[in-house]
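Residues per chain are reported as follows:
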Amino acid sequence: STPSVGPATGTRTHCPYCSLQCGMTLERSGRTLQVQPWADFPVNEGALCRKGWTATGLRGHRERLTSPLLRDGATGELRTASWDEALDVVATRMRALQAESGPDAVAVFGGGGLTNEKAYQLGKLARVALGTSQIDYNGRWCMSSAASAANQALGLDRGLPFPLADLERTDLVVLVGSNLAETMPPAARHLDRLRERGGRVVVLDPRRTATAERADLVLQPLPGTDLAVALGLLHLLDGAGAVDEEYVATRTTGFEDVRRSVAGWWPERVERVSGVAAEDLRELAGLLADAERAVVLTARGAEQHAQGTDTVLAWINVALALGLPGRDASGWGCLTGQGNGQGGREHGQKADQLPGYRMIDDPAARAHVAGVWGVAPETLPGPGRSAYELLEALGTAGGPRALLVTGSNPVVSAPNADHVTERLDALDLLVVVDLVLSETAARADVVLPVAQWAEETGTMTNLEGRVVLRQRAVAPPAGVRDELELLADLAARLGSPVPFGTDAAEVFAELGRASAGGRADYSGITHERVRAEQGVFWPCPAVPEGRAPHPGTPRLFAERFATPDGRARCRVVEHRGPVEQPDAAFPLHLTTGRVLAQYQSGAQTRRIRDLPDTGPFVELHPLLAARIGAADGEPVVVTTRRGSLRAPARVVDSIRPDTVFVPFHWVGANRLTHDALDPSSRMPEFKACAAAVWLAASP
Ligand code: SF4
């Protein structure tokens, strides 16, 4: 992160990467496009991380695709093709496969980095132009467990139900499985200011990360045991009389059952299960009991488990017991990961949802959205498969035979990735929309090159639920198309019964109408408003003409929760732990995560010259390194029941001795990860499995 700078001229837009959506301006200077932070944008206040500073590095990159590619039947190689030829092949083959095997023969896989407009059009393409139920997106692997828990407990899923800046106005921040100092560095300034004011920060993470370095208390639980820690905390808080009895009586239901369920979670039991010392748990309980205001934040470390939803529910129970949600500078929230992780799931990319965060099996929702789309409700398909289940079904009997991928690189990012790659290779037709030849695009039959963020206009919804506007600063290279145009063209070639818009502001207005009255209501937001107001928080319903516009909703739940009776639901949850436990053959815990200089599957950031591309590495404790005879930098092999990875050892005392860590921005980490799914969110167990590690033999 960097110090603030003065106001800059140029086109105001937002970073292409994470969910902070830092404001930046882009200005042409000769042939280059210069990034300047947008000093008065409240989320980043003139700071950017190094990914943001170097974000224009893909513009004009030699690996940028500038022509569609088709796999040549004779040579098996990708060759350039015209847009007409490529789109005709896509439409003709998709229709032929559907004629043979039914509408669900074609599937769509989207991304949490797509703008709201593109996510909306992608859902409409699937349901209206293709008539398939088979659509989901990589956001299922991002914060779906938090979404599921928030919907169950609070009746609404918005990552942070308050502005990010509230973090510096509270007294205590508890971060469960978040490394925000490295994943979204400008956000760490709120923690720094909190501590300058005398507030406290607590971090729970198996690794002592850069975020932990800013903390007053660090707990290092075993991967997959955050739930047990929450149960133990609630046990202690209840025993200490710290439960806000009036709040739980008037604003929640189900607390007495939860209270009974944690009675056996003594700190010593938590210590046995999680490795967190009973003393440390007592200290955290004391901090929570004493804090007048407190914020509990979960992120991927807590959520990317087969018990991710229950884990988040357990932490929401802690927040509810203390009476935090809905109070000033207090509550529970989730730190979203992908740039549009929030908006990406609100507009119809999810297998079970229509725009406005409406459920696809709700007749009223179907009627409303079908009315906006100009089709009959009975023509809309029902719910489809979740992301991993969809990929697993590719090319199987009764599964999809063609897949359109956009904004995603599942060859790198899917769990049990070798298995997913096999399924992709079994397809009759793989179509990938991307900027560069990602690992997934390289296996495609058709590759369609599209504009990148600086070359297009569209909205994103950041981790606070703030809708922001990316504005086009430069034209895309010749041969590259705007993705809204591409989707409209493809829809027409598929014989869509209704036209698809191509102007982002118009598509957004249609999205707003489709969302009206839904849980994520955007109908009172326009591109113009977002431009003028530095973002607008949803829900923001349209109001009758002549009335003042709805101001948007920065803070939720002050008066009531979004449940039918206005009360939050306390849910009883039980700790089960990771699906795969260490044993004699695989005696260690493996967990995965991020590094500062890379973003997601690395398809963009690995190509940016000014960002260090270290390749994967294996982080291990000096005690473990000594046991296997590995020195720092020496190659080691990590193996799980699904695959192996050879990479240099990084010997650090910041990790538990029984745990190894591999970053997931390169091919390799997800060859190792487990594909067990959370029963509610369908989130895979990315963050915990059993592994073995040894010194690699010399090549
Ligand atoms: Fe900001 Fe995230 Fe972009 Fe870094 S990657 S500049 S934290 S939006």
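Rules used in this analysis
Residues numbered from 1 in each chain as written. Predicted model: local features only at pLDDT ≥ 70, side-chain atom pairs only at ≥ 80, totals over all residues. Helix = DSSP H or I, 4+ residues; strand = E, 2+ residues; numbered from the N terminus. Rg over C-alpha atoms; globule rule 2.2 N^0.38 Å. Buried ≥ 20, exposed ≤ 12 C-beta atoms within 10 Å, placed from the backbone. Contact = placed C-beta atoms within 7 Å. Pairing = 2+ DSSP bridges. Near = placed C-beta within 6 Å. Nonpolar A, V, L, I, M, F, W, Y, C, P; charged D, E, K, R; others polar. Domains from an automatic or database assignment. Axes fitted to C-alpha atoms, helices over the stretch in contact; angles between N-to-C directions. Parallel < 35°, antiparallel > 145°, perpendicular 65-115°, else oblique. Arc of directions from axis to C-beta. Core = buried A, V, L, I, M, F, W, Y, C linked by C-beta atoms within 7 Å. Expected span 1.5 Å × (residues − 1). pLDDT = per-residue confidence, 0-100.

As recorded in an unreviewed UniProt entry, the protein chain goes by the name Molybdopterin oxidoreductase family protein, listed as coming from Nocardioides kribbensis.

Here we come to the overall build of the protein chain. When you go through the protein chain residue by residue, the secondary structure sums to 22 helices and 28 strands. In summary, the protein chain has a C-alpha radius of gyration of 24 Å against a globular reference of 27 Å for 699 residues, a match within 12%. A principal-axis box enclosing the C-alpha atoms of the protein chain has dimensions of 75 × 70 × 55 Å. Buried positions account for 61% of the 699 residues belonging to the protein chain. A fraction of 73% describes how many contacts in the protein chain between residues 6 or more apart in sequence connect residues 24 or more apart.

What follows is about the sheet that holds strand β20 (residues 466-470). Pairing in this open sheet of 3 strands is antiparallel, and the strands run β19-β20-β21 from one edge to the other. Both outer strands of the open sheet, β19 (458-461) and β21 (536-537), are each paired with one neighbouring strand and no more.

A word on the site of the ligand. Near the ligand you find 14 residues, and of these C15, C18, C22, C49 and G52 are the closest. Taken together, the residues that form the shell around the ligand break down as 10 nonpolar, 3 polar and 1 charged. Two domains each provide a minimum of three residues to the shell around the ligand, namely domain 1 (11-53) and domain 3 (144-334).

Turning our attention to the environment of A697. Locating A697 in the fold gives a position in the segment after β28 (689-695). Residues A697 and P635, spaced 62 residues apart in sequence, show a C-alpha to C-alpha distance of 8.2 Å.

A separate point is the packing of helix α7 (residues 226-239) against helix α10 (residues 267-274). Closest axis-to-axis distance for the α7/α10 pair is 9 Å, and the angle between their directions is 170 degrees. The pairing of α7 with α10 is recorded here as roughly antiparallel in orientation. Of the residues in α10, those touching α7 at A228, V229, G232 and L236 are P267, V270, V273 and S274. By residue class, the composition of the contact of α7 with α10 is 6 nonpolar, 2 polar and no charged.

Before going further, it helps to spend a moment on helix α6 (residues 188-196). Among the residues making up α6, those that are buried are A188, H190, L191 and L194. Around the axis of α6, the buried residues are gathered within 155 degrees of arc, so they sit on the same side.

Glancing now at the pairing of strand β23 (residues 588-593). Most of β23 sits inside the fold, with 5 of its 6 residues counted as buried. The pairing of β23 with β28 spans 3 bridges and is classified as antiparallel. Counterpart to H589 in the pairing with β28 is A690.

Let's shift gears to the nonpolar core. Core analysis: the biggest nonpolar cluster contains 199 residues, and L125, V173, L233, V296 and W315 have the highest contact counts within it. If sequence neighbours within four positions are ignored, W315 has contacts with V176, A230, V296, T298, A302 and W332. Among the nonpolar cores identified, the runner-up in size contains 26 residues, and F617, L645, C689 and A690 belong to it.

Okay, the sheet that holds strand β2 (residues 23-29) next. Pairing within the open sheet is antiparallel, and its 3 strands lie in the order β1-β2-β3. Sheet topology places β1 (11-14) and β3 (32-37) at the edges, where each strand pairs with a single neighbour. The average undirected angle you get between the axes of adjacent strands in this sheet is 40 degrees. Where β2 and β3 come together, 6 bridges link them in antiparallel fashion. Bridge pairing links T25 to Q36 in β3.

Moving on: helix α13 (residues 308-321). Its 14 residues give α13 an end-to-end C-alpha distance of 20 Å, which sits within 8% of 20 Å, the value for a rise of 1.5 Å per residue. Of all 14 residues in α13, 14 are buried; the element is thus mostly enclosed. Two residues or fewer after α13 comes G323, characterised by a positive phi angle close to 70 degrees.

Here we come to the domain arrangement of the protein chain. Domain assignment breaks the protein chain into domain 1 (11-53), domain 2 (69-141 + 340-537), domain 3 (144-334) and domain 4 (588-695). Here the C-alpha centroids of domain 2 and domain 3 sit 35 Å apart. Its residues placed into classes, the side of domain 2 that touches domain 3 shows 1 nonpolar, 3 polar and 4 charged.

Leaving glycine out, the prevailing phi sign among residues is negative, and the prevailing peptide bond configuration is trans. Cis rather than trans, the peptide bond between W538 and P539 has omega equal to 0 degrees. Among the secondary structure elements, P539 is positioned in the loop between β21 and β22 (568-569). In the Ramachandran plot, A329 falls in the positive-phi region, its phi being about 50 degrees despite a non-glycine side chain. At R682, a position not held by glycine, the phi torsion is positive, near 65 degrees.

Looking now at the confidence of the model for the protein chain. Looking at the protein chain as a whole, the pLDDT averages 95, with 98% of positions reaching at least 70. In the predicted assembly, ipTM is 0.99 and pTM is 0.95.

Attention now moves to the environment of L437. As for its position among the elements, L437 is in the loop between β17 (429-434) and β18 (446-449). The spatial distance from the C-alpha of L437 to the C-alpha of A321 is 50 Å, given a sequence separation of 116 residues. If sequence neighbours within four positions are ignored, L437 has contacts with E63, L65, A442 and V447.

To continue, consider the packing of helix α3 (residues 116-130) against helix α18 (residues 483-493). Put simply, α3 and α18 touch, their axes get as near as 10 Å, and they point 10 degrees apart. Considering their axes alone, α3 and α18 lie roughly parallel with respect to each other. Taken together, the residues of α18 that come into contact with α3 (itself represented by E117, K118, Q121, L122, L125 and A129) are E483, L484, L487, L490 and A491. The class makeup of the residues in the contact of α3 with α18 is 7 nonpolar, 1 polar and 3 charged.

On to the environment of T13, then. Looking at where T13 falls in the secondary structure, it is placed in strand β1. Residues T13 and T25, spaced 12 residues apart in sequence, show a C-alpha to C-alpha distance of 5.7 Å. Residues within four places of T13 in sequence aside, it is in contact with M24, L26, R470, Q471 and A473.

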